[in-house]
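Chains, contacts and geometry: an overview
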Amino acid sequence: MSEHDFTQHPHSYDVLVAGGGPAGLGGALQLGRARRSVLVADAGHPRNAPAGGVHAYPGREGAPPAELLADAREEVSAYGVRTVRAAVVAAKPDDGGFLAELDDGTAVRARRLLVATGLVDELPDVPGLAELWGTDVLHCPYCHGWEVRDQPVGILATDRTGPLAVHQALLWRQWSDDITLFLHTAADPDDEQFERLAARGVAVVDGEVRGLERDAAGRLSGVRPAGGPVLPCRALVVPPQFTVRSPLFASLGLEPVERDMGGTPLGTVLPTDATGRTPVPGVWAAGNVVDPSAQVIGAAAAGVHAGAMINFDLVEEETRRAVDAARRGQ
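Residues numbered from 1 in each chain as written. Predicted model: local features only at pLDDT ≥ 70, side-chain atom pairs only at ≥ 80, totals over all residues. Heavy atoms only, no water.

**Some words on the overall build of the protein**
Using the following cut-off: Strands are runs of DSSP state E lasting at least two residues, helices are runs of H or I lasting at least four, and both sets are numbered from the N terminus onward. Three exposure classes are used, based on accessible area relative to the maximum for each residue type with a 1.4 Å probe and protein chains only: buried under 20%, partly exposed in between, and exposed over 50%. Note on definitions: a residue-residue contact is assigned when non-hydrogen atoms from the two residues lie within 4.5 Å. Using a 1.4 Å probe, the Shrake-Rupley method yields the accessible areas, and only the shown protein chains count as cover for residues.
When helices and strands are counted, the protein shows 8 helices and 19 strands. Along the three orthogonal principal directions, the C-alpha set of the protein runs to about 80 × 35 × 35 Å. The buried share of the protein, reckoned over its 330 residues, is 46%. Long-range contacts, defined here as pairs at least 24 residues apart, represent 64% of the contacts in the protein between residues at least 6 apart. As displayed, the protein has an accessible area near 15700 Å², and 51% of this comes from carbon and sulfur atoms.

Written as structure tokens, this is what we have:
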């Protein structure tokens, strides 16, 4: 389809939202209530799908993630927002807006873009670990700590996340007094770190982890280190590497940047200013694609804020056009 033909195409919106998680739907809700035409394109693979419930979300504590998203989609539809099951795979500037391509072959035109595609968790290569991710293999104590309180919890360190794993071990100690730090492929903690771990009663186990044990119900029951017996473990904490990746970024010329915590690499994020605006004119981003540590409520709030900023930007553009027209006597 030519660009000239595309401008006449019915798939034309004020804002195209790439990603229908809490951030994307938060932005869509704000924009829909601002009487903007909005399309939310989502591939339907939410990162938190394995989790039993969403936590630290006042009014929706413990709600299943799928239920929360279904309710949000229903809410945005009441304001005329359209949602489709598809991913935005490419977009390019066009006449003050963007021409975008969805993976179902649909072409869409939008004046602004909100990128809320989330992130990908890169997990250590330990047999059985990926299968339990989000249920018994965890990363956030504020999301899952209460559910495994007072039970044996292991922390898995790697060569990339060693210092962060020490921090995680001390943090998870708030929820259980039975914490074991498995060094796996990480270097030994330094003297000060050992002192801190010992003072809090955190056990430290050398050697690579060879695999995970499950009980009859398929739940995590233990960790098998090299050269030692299986150690009881109800939850294994893995500080993952967070990566943002999508063919959409390259098509826009949007380059992810490295993010670290205390010098430990966490992965990549999209760069934005305080409003969510990216270096690419007309493109905003919100949620875990910008902040890997954001919980569901934080991602939703970031989307709501970005939606307001996008609407403000559109109002400014419309006002400039109105002033120009008035000066021309039109």
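**So, the UniProt feature "domain: FAD/NAD(P)-binding" (unreviewed entry) in the protein**
Rules: UniProt positions are given in the numbering used here, feature names are shortened, and annotations may be inferred rather than shown by experiment.
On the UniProt side, "domain: FAD/NAD(P)-binding" (unreviewed entry) is annotated at positions that read residues 13-300 here. The distance from the first to the last C-alpha atom of residues 13-300 is 22 Å, and the span holds 21% helix and 30% strand.

**Observations concerning the domain arrangement of the protein**
The following threshold applies: Domain segmentation is taken from an automatic or database assignment of domains. Buried surface area refers to the total accessible area, computed with a probe of radius 1.4 Å, that the two partners give up upon joining, counted for both partners together. Whenever two N or O atoms come within 3.5 Å, that pair is a polar contact, provided that in protein one can donate a hydrogen and the other can accept it, and provided that, for residues adjacent in sequence, both atoms are side-chain atoms. In the scheme used here, Gly and all other residues not listed as nonpolar or charged are polar, with Ala, Val, Leu, Ile, Met, Phe, Trp, Tyr, Cys and Pro taken as nonpolar and Asp, Glu, Lys and Arg as charged.
Along its sequence, the protein is organised into domain 1 (12-121 + 241-329) and domain 2 (124-237). Averaged C-alpha coordinates put domain 1 and domain 2 at centres separated by 34 Å. Each partner contributes to the interface: domain 1 provides 12 residues, whereas domain 2 provides 13 residues. Surface buried jointly by domain 1 and domain 2 totals about 1100 Å² across both partners, of which 60% is contributed by carbon and sulfur atoms. Taken together, domain 1 and domain 2 are joined by 2 residue pairs in polar contact (both at pLDDT 80 or more). Within the residue set of the side of domain 1 that touches domain 2, elements represented by two or more residues are strand 16 (241-243) and strand 18 (264-269). Here the residues of the side of domain 1 that touches domain 2 are counted per class, giving 6 nonpolar, 4 polar and 2 charged.

**Some thoughts on the packing of aromatic side chains**
For clarity, the threshold we go by: Two rings belonging to Phe, Tyr or Trp (six-membered ring only in the last case) form a pair when the distance between their centres is within 6.5 Å. Interplanar angles under 30 degrees mark stacking, angles over 60 mark edge-to-face geometry, and anything in between is tilted.
Under the defined criterion, the tally for this structure stands at 2 aromatic pairs. When the ring of Tyr-142 is compared with that of Trp-175, the centres are 5.6 Å apart and the planes differ by 85 degrees; the resulting orientation is edge-to-face. Within this pair, whereas Tyr-142 is found in helix 4 (residues 141-144), its partner Trp-175 is found in the loop between helix 5 (162-172) and strand 10 (179-182), the two being separated by 33 residues in sequence. By relative accessible area, which is 19% here, Trp-175 ends up buried.

**Considerations on the confidence of the model for the protein**
Atomic detail in the predicted coordinates should be set aside for any region of low pLDDT. Inclusion rule: Every residue is assigned a pLDDT by the predictor, reflecting its confidence on a scale from 0 to 100.
Of the residues in the protein, 97% reach a pLDDT of 70 or more, and the chain-wide mean stands at 92. Residue range residues 1-8 is modelled with pLDDT below 50. Its contacts to residues more than four positions away, or to other chains, number 12 contacts.

**Considering the side chain of Asp-14**
Mapped onto the elements of the fold, Asp-14 is located in strand 1 (residues 12-18). The exposure class assigned to Asp-14 is buried, which follows from its relative accessible area of 14%. A polar contact of 3.1 Å, which involves the side chain of Asp-14, links it to the side chain of Arg-111. Residues in contact with Asp-14, not counting those within four places in the same chain, are Arg-36, Ser-37, Ala-110, Arg-111, Arg-112 and Leu-314.

**Comments concerning a negative patch on the surface**
To keep it simple, the criterion reads: Like-charged residues within 9 Å of one another, or nonpolar side chains (Val, Leu, Ile, Met, Phe, Trp, Tyr) within 5 Å, are grouped into patches, provided each residue has over 30% relative accessible area and no salt bridge. Salt bridges are identified by distance alone: a Lys or Arg side-chain nitrogen within 4 Å of an Asp or Glu carboxyl oxygen. Charge counting treats Lys and Arg as positive and Asp and Glu as negative, with His and both chain ends excluded. By convention, the point assigned to a charge is CZ for Arg, NZ for Lys, CD for Glu and CG for Asp.
Taken together, the side chains of Asp-190, Asp-191, Glu-192 and Glu-195 define an acidic patch exposed on the protein surface. As for its position among the elements, Asp-190 is in the loop between strand 10 and helix 6 (191-199). When its relative accessible area of 40% is taken as the criterion, Asp-190 is described as partly exposed.

**Description of unusual backbone geometry**
Although it is not a glycine, Asp-150 adopts a positive phi angle of roughly 65 degrees. Its place among the elements puts Asp-150 in the loop between helix 4 and strand 9 (153-156). Given the relative accessible area of 62%, Asp-150 is considered exposed.

**Considerations on the environment of Arg-33**
Relative to the helices and strands, Arg-33 is located in helix 2 (residues 22-33). Overall, Arg-33 belongs to the exposed group, its relative accessible area being 52%. Spatially, the C-alpha atoms of Arg-33 and Val-76 are 8.4 Å apart, while their sequence positions differ by 43 residues. Among the polar contacts listed, one links the side chain of Arg-33 to the side chain of Tyr-79, at a separation of 3.0 Å.

**Some remarks on the environment of Ala-34**
Within the secondary structure, Ala-34 sits in the loop between helix 2 and strand 2 (38-42). You can call Ala-34 partly exposed: its relative accessible area is 29%.

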